[in-house]
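A structural walkthrough
Here is how the chains run, residue by residue.
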Amino acid sequence: KWSYEVPGAVASRLRWLDSRTRLDTSLVPPYTPVTVRGTRLDVLGRSVELAPSGLPAQVTSYFSDEMTSIGRVGRPMLAAPVRVVLEDEAGAAYPFEGRGVQGVRALPGAARFTANAAAAGLGLALTGQLEFDGNIDYTVALVARRATTVRDIRLEIPLRADVARWFTGMHRKGGAAPASYDWTWDVKRNQDAAWIGDVNAGLQFTLRDEHYVRPLNTNFYQLRPLVMPASWENGGQGGCRFRAEGEVYRVTCFSGTRTFAAGDTLRFDLRLLLTPFHTLDTKTHFATRYFHRYTPVDSIRAAGANIVNVHHATPVNPYINYPFLVPEAMKGYADSIHAAGMRMKIYYTVRELTNRTPELWALRSLGAEVLASGPGGGHSWLQEHFQRDYITGWVVPELRDVAVVTSGISRWHNFYVEGLQWLKDHVGIDGIYLDDVAFDRTTMQRIRRVLAPGAPGERIDLHSANQYNPNDGFASSTNLYLEHFPYVDRLWFGEYFDYGSAPDYWMVEMSGIPFGLMGEMLQDGGNPWRGMVFGMTSRLPWAGDPRPVWRAWDAFGITESRMVGWWARA
């Protein structure tokens, strides 16, 4: 028999499920407003010229090869405009043509636009929105004006060959872009996107429809896999081809043969993420030294660290992803850390939730809205109390901390953001350590607004284990979480990554550099020599000892140095 003390604040916390905290369109540093000049849209370090279809005619990056500055001379990414093409029954190809982009409208932090076009009996209605971080969401609806049979409806992205240096996603590990590669949809694989680019210019494309539901991530993926987009997948006919053709690297995403009845509507939605997101801040990176253990403050300071990541299963953060049960103890430790001139971050995410959560039974009453449905089993406490229809998560036996997996998108994310605001205001945390991410980019934007980078030292770190395996759906962690990178300060990739891999794999899958981030190592202490090439060290004190490297950096004066990597063209 286990007993629990239920805090009197539980009732007020349930209100957090409907919190709207920081659900707005305000900017966060270092991003700048979207500017509109006709059909040219500009965000930090990147510009998009819209074609009459509303899709990009050209995307230009102004980031330097070194990734430490933004210049005035741009690097174009496209060899020709992106386009949607219809191929009729006879095999004749028609690009959709229309009157051009209509109603480009500047909003706080975004610009919206529409376009309408037609081709061989189908009408296309496009709505697009470019946000300040370089994310473009397209809603693309095809409407049959009459009964129509098509051989194919496809998306063509003709990248410049010099930009298509590296590739990750769609069942390929990160590395050099393949000269020829074919990919098809498979529900067993958590794959609907790919990133292609160079260190200072690239893009990720993601294929969806209106029925998209965020899958469960990590080794829970197979319990709620990707919902295949009916438009792009088309009963197994759809896929993507990648071809190096001289000066062009052509991406073709096809959907195959289908017949429309008059009035039928089909959604071919698309998301483009334009990279990099911002410049590297090498000075802050090299000056920031982490310690990953709850331990006396003096010993942390003596080790040379200046930020403490307090994980769960510790006296001040005992139960996974519910850091509200001993707030006085957590605040006391934060105060002592601050008094020593350091900062404190905590492990806090939403992928799974402890059975010590006072609101647990209220959440259980909501069915699968917050707590994911699943096969049950696992720890005896769950089998006795939940009995069925759940997914068992993390267990810390000595603390009797037994977790259940949460749903991908739910009102629990409102609770999470409100809780983060409360921890910042009442405990004084300086940021969070995310262990994989089970929420969407809108939630991450809210988190970043709570932990505004303009405030002294508030930081977000993202850790992931290597998800390129059958249980995780062969998902590249970088490709899977790229939508969150604009709001993250450091990567910890992580368990099961191979630090003996080739430089191209390091660059794409672990370093973060092509996206404006830098990272650290974990598995088996990493590789201190190769890590230095990318500015990465191991985790103190769990895996490896970066203190000799820190001392070498300080003796060299690395925070005042200029970082010029092997990846720079000049």
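As shown above, the structure is provided for reference.
Residues numbered from 1 in each chain as written. Predicted model: local features only at pLDDT ≥ 70, side-chain atom pairs only at ≥ 80, totals over all residues. Heavy atoms only, no water.

Structural notes on the pattern of salt bridges
Put simply, the rule is: We define a salt bridge as a contact between a side-chain nitrogen of Lys or Arg and a carboxyl oxygen of Asp or Glu at a distance within 4 Å. Elements are defined by DSSP. Helices are runs of H or I of four residues or more, strands are runs of E of two residues or more, and each kind is numbered from the N terminus. Note on exposure labels: buried denotes an accessible area under 20% of the residue type's maximum, exposed denotes more than 50%, and partly exposed covers the range between, all computed with a 1.4 Å probe on protein chains only.
Counted according to the given criterion, the structure contains 37 salt bridges. Residues Asp-298 and Arg-301 are paired through a salt bridge, measuring 3.4 Å at the closest nitrogen-oxygen approach. Linking Asp-298 with Arg-301, this pair stays in helix H4 (residues 297-302), spanning 3 residues, or about one helical turn. Judged by its relative accessible area of 53%, Asp-298 is exposed.

Let's talk about the sheet that holds strand S28 (residues 401-405)
Put simply, the rule is: Strand pairing is assigned whenever DSSP identifies at least 2 bridges connecting the two strands. Think of each axis as a best-fit line through the C-alpha atoms, taken over the contacting stretch in the case of a helix, with angles from 0 to 180 degrees between the N-to-C directions.
If you trace the 3 strands from one edge of the open sheet to the other, you get S26-S28-S27, paired in antiparallel fashion. Each having just a single partner strand, strand S26 (352-354) and strand S27 (392-396) make up the two edges of the open sheet. Adjacent strand axes in the sheet meet at a mean angle of 25° when their direction is disregarded. Pairing analysis gives 3 bridges linking S27 to S28, with the strands arranged antiparallel. Along S28, the bridge assignment pairs Val-396 with Asp-401.

Brief notes about the nonpolar core
Heads up, the condition is: Here, nonpolar core refers to any group of buried Ala, Val, Leu, Ile, Met, Phe, Trp, Tyr and Cys residues whose side-chain atoms link them within 4.5 Å. Any two residues whose heavy atoms approach within 4.5 Å are treated as being in contact.
Counting residues in each nonpolar core, the largest one holds 157 residues, and the members touching the most others are Tyr-138, Phe-205, Leu-207, Phe-242, Ile-432, Ile-447 and Phe-485. Tallying contributions element by element places helix H8 (residues 412-426) first for this core, with 6 residues. The contact partners of Leu-207, leaving out residues within four places of it in the chain, are Leu-155, Met-170, Trp-185, Asp-192, Pro-229, Trp-232, Cys-240, Cys-253, Asp-269 and Leu-270. Membership of the second largest hydrophobic core comes to 7 residues, among which are Tyr-290, Tyr-347, Tyr-433 and Trp-492.

Focus on unusual backbone geometry
In the segment running from Pro-29 into Pro-30, the intervening peptide bond is cis, with an omega of 5°. Following the sequence through the fold, Pro-30 ends up in the loop between helix H1 (10-14) and strand S1 (35-37). Of note, the bond from Thr-275 into Pro-276 is cis; its omega dihedral lies within 30 degrees of zero at 0°. Look at Met-170: it is not a glycine, yet its phi comes out positive at around 50°. As for its placement among the helices and strands, Met-170 is situated in the loop between strand S13 (166-169) and strand S14 (172-176). The exposure class assigned to Met-170 is buried, which follows from its relative accessible area of 0%.

Remember that the coordinates give geometry; whether it matters functionally is a separate question.
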